[in-house]
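Residues per chain, in single letters:
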Amino acid sequence: MPYIQFLGAAGTVTGSKHLINTTYDSSGKQGFQVLIDCGLFQGQKEWRERNWQDTPVPAREIDAVILTHAHLDHCGWIPRLVKEGFRGSIYATQPTIDLCWVVLPDSGHLQEEDAAFYNKTRTSKHTPALPLYTMEEAQECLKQFQPVDFDQVKQLRPEFSFRFVHAAHIVGSSMVEISLGLNGSNKRLLFTGDIGRVRDSQVAPGRVLHSGPTEGESADILVMESTYGNRVHPKEDPRPELAKLITDTVNRGGSVIVPAFAVERTQKFLFMVKDLMESGQIPKVPVFADSPMAIEAVNVFLKHTEEFSEETKQQVQKLGSPLTWPGFNFAKSPDDSKKINDVKYPSIIVSSSGMVSGGRILHHLMLRLPDPRNTVIFIGFQSPGTRGATIKSGAKEVKIFGQFVPIRAQVAALEQFSDHADTAELLEWLHTFKGQPQETYLVHGEPDAANQLKQAMTKELGWKVEVAQWKEKVEIL
Ligand SMILES: [Zn+2]
């Protein structure tokens, strides 16, 4: 029987990977095998170790990957899949491909740096510690990407076609509608990937994308994310709170450190900071965007304005490229990054990774967390088990590079920046469906979030909903 197998983002929010196996094709031969997303596991060791396991079907037998968007927890395992023998095409929208050109080599670079660090400090049980993949291997896999436009029907086999529709999560992000011919009948599968904010900028003021996820969907089988299945985002404009946090910090001689995903989230934040400076709501202090991919990320962000809201388009037109703003510095090389450590006056530092799981943010936090004049502001989801979650939880110390660093800096979080729909928004979107799916499987959520969303959907919509389990196979009937 054709089936879907959940190979990641089941019981957690990372490692998105769902295998569709048609088991046989129209001519009776071995079926078509497609991965929807191919993401890295991040966070606790228990999860990260799964990055080293083989796929249950050999990588060389997988025919294609269909990618929803360019966040690493959705695309970051592609270079490893290719390393293990996958030779098929990777289908994605053009903005997603452009972003992958930035984030995948960077991820390979980080993997190499981590392995080098473990070898230097002899802190791995493996000698030598190896990277999951290298920067070169990540660059190599980019050749297998193939662009597919939104709404274009792409036929991969006589019995298998798909179409990308808008997910409104980040630039280029999509949901995947699949049409599967089985024994003369046709099944429609919908994989949501990550779902963006549903409502307009009045209610979700941090958002960049205007459209909201495509409405009026229908599916026989729905595989849906549940990151915020137990949460409602604050409704207030984040700007006054952000302005106060920055002003208070600068007034006491401290600096603001913002861990943020380098692509889109960082740009969104930079535009808001620039706007606050221009309108005199915060002092004009130096801003450092410290990420090896910061400059490329700005260029991709400015290249794909087609999905931006009118407000964002106007802002981009008015303020121009962040690369030209006086007082805004983009640290590309490790040397540029190190120079920020010597800055003694108040400044704003935005650096990745967003969940403090690696990257240059570690150095900035190691240096600045012990000083109570400083402030750390989180503007993104912190997966349990990451350093970001530890710092955000109010812990007194956090382990960085094998050392316990005391946390005396102020810690704040602005949930309005979220690119994920909250529970109310998810239900609002589901209400636009043309009919009730036969089956809904919830993925990409911590157990509590997935279970609460299941309850809400059962109660409010009367749908049949299951929480997907890792490696579970479900038949496509
Ligand atoms: Zn995402």
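See the structure shown above.
Since we're looking at a predicted model, the values are computed, not measured.

Overall, mixed pairing links the seven strands, which are arranged β6-β5-β4-β3-β2-β1-β22 in an open sheet. Two strands bound the open sheet, and with one partner strand each, they are β6 (145–147) and β22 (473–475). Ignoring which end each strand starts from, the neighbouring axes of this sheet average 25 degrees apart. Two strands pair when backbone bridges link them, and strand β4 (residues 64–66) and strand β5 (residues 89–92) are joined in this way by three bridges, in the parallel orientation. What sits directly across from I66, in β5, is Y91. Against the sheet, helix α4 (residues 94–121) contacts β5 and β6, and its axis sits at roughly 150 degrees relative to β6.

A word on the coordination of the zinc ion. Each donor-metal-donor angle would ideally measure 109.5 degrees in four-coordinate tetrahedral geometry, or 90 or 180 degrees in six-coordinate octahedral geometry. Here the zinc ion is held by the protein donor atoms H69 (NE2), H71 (ND1), H169 (NE2) and D194 (OD), which lie 2.2 Å from it. Considering all four donor atoms around the zinc ion, angles at the metal cover 90 to 165 degrees and the coordination shape is irregular. The sequence motif formed by the donor residues of the zinc ion is H-x1-H-x97-H-x24-D. Of the residues examined, H69 reaches a relative accessible area of 0% and is grouped as buried.

Attention now moves to a negative patch on the surface. On the surface, E112, E113, D114 and E136 cluster together into a patch of negative charge. A total of three residues in the negative patch trace back to one element, the largest contributor, which is α4. Topologically, D114 is positioned in helix α4.

The rules we used
Along each chain, residues carry numbers from 1 onward, in the same order as the chain's sequence is written. Since the coordinates come from a predicted model, pLDDT governs what is reported: local features require at least 70, and pairs of side-chain atoms require 80 or more to be given and counted, while whole-chain, interface and lining totals use all residues. No hydrogens and no water enter the side-chain calculation; it runs on all heavy atoms of the structure. DSSP calls a pair of strands paired once it identifies at least 2 bridges connecting them. Strands are runs of DSSP state E lasting at least two residues, helices are runs of H or I lasting at least four, and both sets are numbered from the N terminus onward. Axis geometry follows a simple rule: fit a line to the C-alpha atoms, using only the stretch in contact for helices, then measure angles between N-to-C directions, giving values from 0 to 180 degrees. Residue contacts follow a heavy-atom distance rule, with two residues in contact if any of their heavy atoms lie within 4.5 Å. Only N, O and S atoms count as donors, using a 2.8 Å cut-off from the metal and 3.2 Å for Na, K and Ca, and because water is excluded some sites may appear unfinished. Working rule for geometry: tetrahedral if four donors all subtend angles between 85 and 135 degrees; square planar for four, octahedral for six, if opposite donors exceed 155 degrees and the others stay between 65 and 115; irregular in every other situation. Here the term buried applies to any residue with accessible area under 20% of the maximum for its type, exposed to any over 50%, and partly exposed to those in between, with areas from a 1.4 Å probe on protein chains only. Candidates for patches are residues over 30% relative accessible area with no salt bridge; among them, like charges are joined within 9 Å and nonpolar side chains (Val, Leu, Ile, Met, Phe, Trp, Tyr) within 5 Å. Residue-level accessible areas treat just the shown protein chains as cover; the underlying method is Shrake-Rupley with a 1.4 Å probe. Salt bridges are defined as contacts in which a side-chain nitrogen from Lys or Arg sits within 4 Å of a carboxyl oxygen from Asp or Glu. His is not counted, nor are the chain ends, whereas Lys and Arg count as positive and Asp and Glu as negative. We put the charge of a Lys on NZ, of an Arg on CZ, of an Asp on CG and of a Glu on CD.

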